[in-house]
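Descriptive analysis of the structure
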Amino acid sequence: TPFIEPVYTTWYSRAAVIGFAILQILTPMLPWLDIGEPIGERSASVRTLITPAGWAFSIWGPLYTGSLVFAIYQALPAQRENALVAHLRWPAAGAFLGNALWAAYTQVFGLTVISAAIIVFTLTCLLAAYRVIASWPKFTARERWCSVLPLSALTAWLTVATMVNISASLRFHGVDAGGAEVMIAATLVLVGGLIAGTALVRSRGNPPFALVFLWALAA
């Protein structure tokens, strides 16, 4: 694997993961401060054929918890020289920051093309982390629970969320697909499925990714 090499971590890389993990949890609370509108309302206003049912978003509780678990785990003194964790820090920090920026922007401005660009950036960071996970030869039990599980689950959800956001952005900007709406929705689901399938093949199976993706797909 090309990833097993010395990686030098700094205090600010560890701090970035913790700071952005917390920030992504706080930004959805902006409407409590009379800033913007709740994400649920923004989503409902541009609902499409592939917008998940409301119950699906309850998964953010476990996803946020997993993010905090990884953030704390990677900051422990014992993990400062952990090669796997070192390769995951910056992609994870980028993903957590992306989630925070997306929530803040969407609540204020809605599901525009910019929100789609932010979520694509977030997914790109997570796919970079997932590439490390898929190429890593062996994990300890703690690495599986504290790194592989939370980041794999978040990657699966963002894979679907990106497709949904793109569809919602088209509607936000008044792109009327007319009779082709069903075909476009099916195409977006297919693209998401191809990304998920590729991820599962590369990792030789990943239960957290598969379960979260199926959860999102069912919704």
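Structure: above.
An account of the accompanying structure is given in this report.

Here's the deal with the overall build of the protein chain
Along the backbone of the protein chain there are 8 helices and 0 strands. The N-to-C order of helical and strand elements in the protein chain reads α-α-α-α-α-α-α-α. Within the span of the protein chain, comprising 219 residues, buried residues form 47% of the whole. When contacts within the protein chain are restricted to residue pairs at least 6 apart in sequence, long-range pairs at least 24 apart make up 83% of them. With the model as given, the accessible surface of the protein chain reaches about 10900 Å², and the carbon-plus-sulfur share is 71%. Here the protein chain holds 12 positive side-chain charges and 8 negative ones, and the gap between their average locations is 15 Å.

A word on the nonpolar core
Ranked by internal contacts, the top residues of the largest apolar core, which has 54 residues, are Leu 88, Phe 96, Trp 157 and Leu 158. Sorting the residues of this core by element identifies helix H1 (11-26), helix H3 (60-75), helix H4 (83-109), helix H5 (113-135), helix H6 (141-172), helix H7 (181-202) and helix H8 (207-218) as the ones contributing at least two each. Broken down by element, this core gets its largest block of residues, 12 residues, from H6. If we ignore the near neighbours within four places in the chain, the residues touching Leu 88 are Phe 70, Ala 129, Val 132, Ile 133, Ser 147 and Leu 151.

A word on unusual backbone geometry
Even without glycine at this site, Asp 34 takes up a positive phi of about 60 degrees. Within the element layout of this structure, Asp 34 appears in the loop between H1 and helix H2 (39-45). Residue classification places Asp 34 among the exposed positions, given a relative accessible area of 74%.

Considerations on the layout of surface pockets
As a volume, the largest pocket reaches approximately 460 Å³. Forming the boundary of the largest pocket are 26 residues, of which Ile 39, Phe 57, Trp 60, Trp 102 and Trp 157 lie nearest the centre. Looking at the lining of the largest pocket element by element, the count peaks at 7 residues for H6. Among the residues making up the lining of the largest pocket, the classes are represented as 17 nonpolar, 9 polar and no charged.

Considerations on the environment of Gly 54
If you trace the backbone, Gly 54 turns up in the loop between H2 and H3. With relative accessibility at 59%, the residue Gly 54 sits in the exposed group. Considered as a pair, Gly 54 and Thr 122 are 68 residues apart in the sequence and their alpha carbons are 22 Å apart.

Digging into the packing of H1 against H3
Two elements in contact, H1 and H3, have axes separated by 9 Å at closest approach and are oriented at 165 degrees. On the basis of their axis angle, the class for H1 and H3 is roughly antiparallel. For H1 against H3, the interelement crossing comes out left-handed. Only Tyr 64, Ser 67, Leu 68, Phe 70, Ala 71, Gln 74 and Ala 75 of H3 make contact with H1, whose side of the interface consists of Arg 14, Val 17, Ile 18, Ala 21, Ile 22, Gln 24 and Ile 25. Split into classes, the residues belonging to the contact of H1 with H3 amount to 10 nonpolar, 3 polar and 1 charged.

Cut-off values and rules
Residues numbered from 1 in each chain as written. Predicted model: local features only at pLDDT ≥ 70, side-chain atom pairs only at ≥ 80, totals over all residues. Heavy atoms only, no water. Helix = DSSP H or I, 4+ residues; strand = E, 2+ residues; numbered from the N terminus. Buried < 20%, exposed > 50% of the residue type's maximum accessible area, 1.4 Å probe, protein only. Contact = heavy atoms within 4.5 Å. Areas by Shrake-Rupley, 256 points an atom, 1.4 Å probe, with all protein chains shown as cover. Lys, Arg positive; Asp, Glu negative; His and termini not counted. Charge placed at Lys NZ, Arg CZ, Asp CG, Glu CD. Core = buried A, V, L, I, M, F, W, Y, C linked by side-chain atoms within 4.5 Å. 1 Å grid on protein atoms, 1.4 Å probe; cavity = no way out; pocket = protein on both sides within 12 Å on 5 of 7 lines; lining within 4 Å. Points joined across faces, edges and corners; volume = space filled by probe spheres on them. Nonpolar A, V, L, I, M, F, W, Y, C, P; charged D, E, K, R; others polar. Axes fitted to C-alpha atoms, helices over the stretch in contact; angles between N-to-C directions. Parallel < 35°, antiparallel > 145°, perpendicular 65-115°, else oblique. Left-handed = near helix turned anticlockwise from the far one by under 90°.

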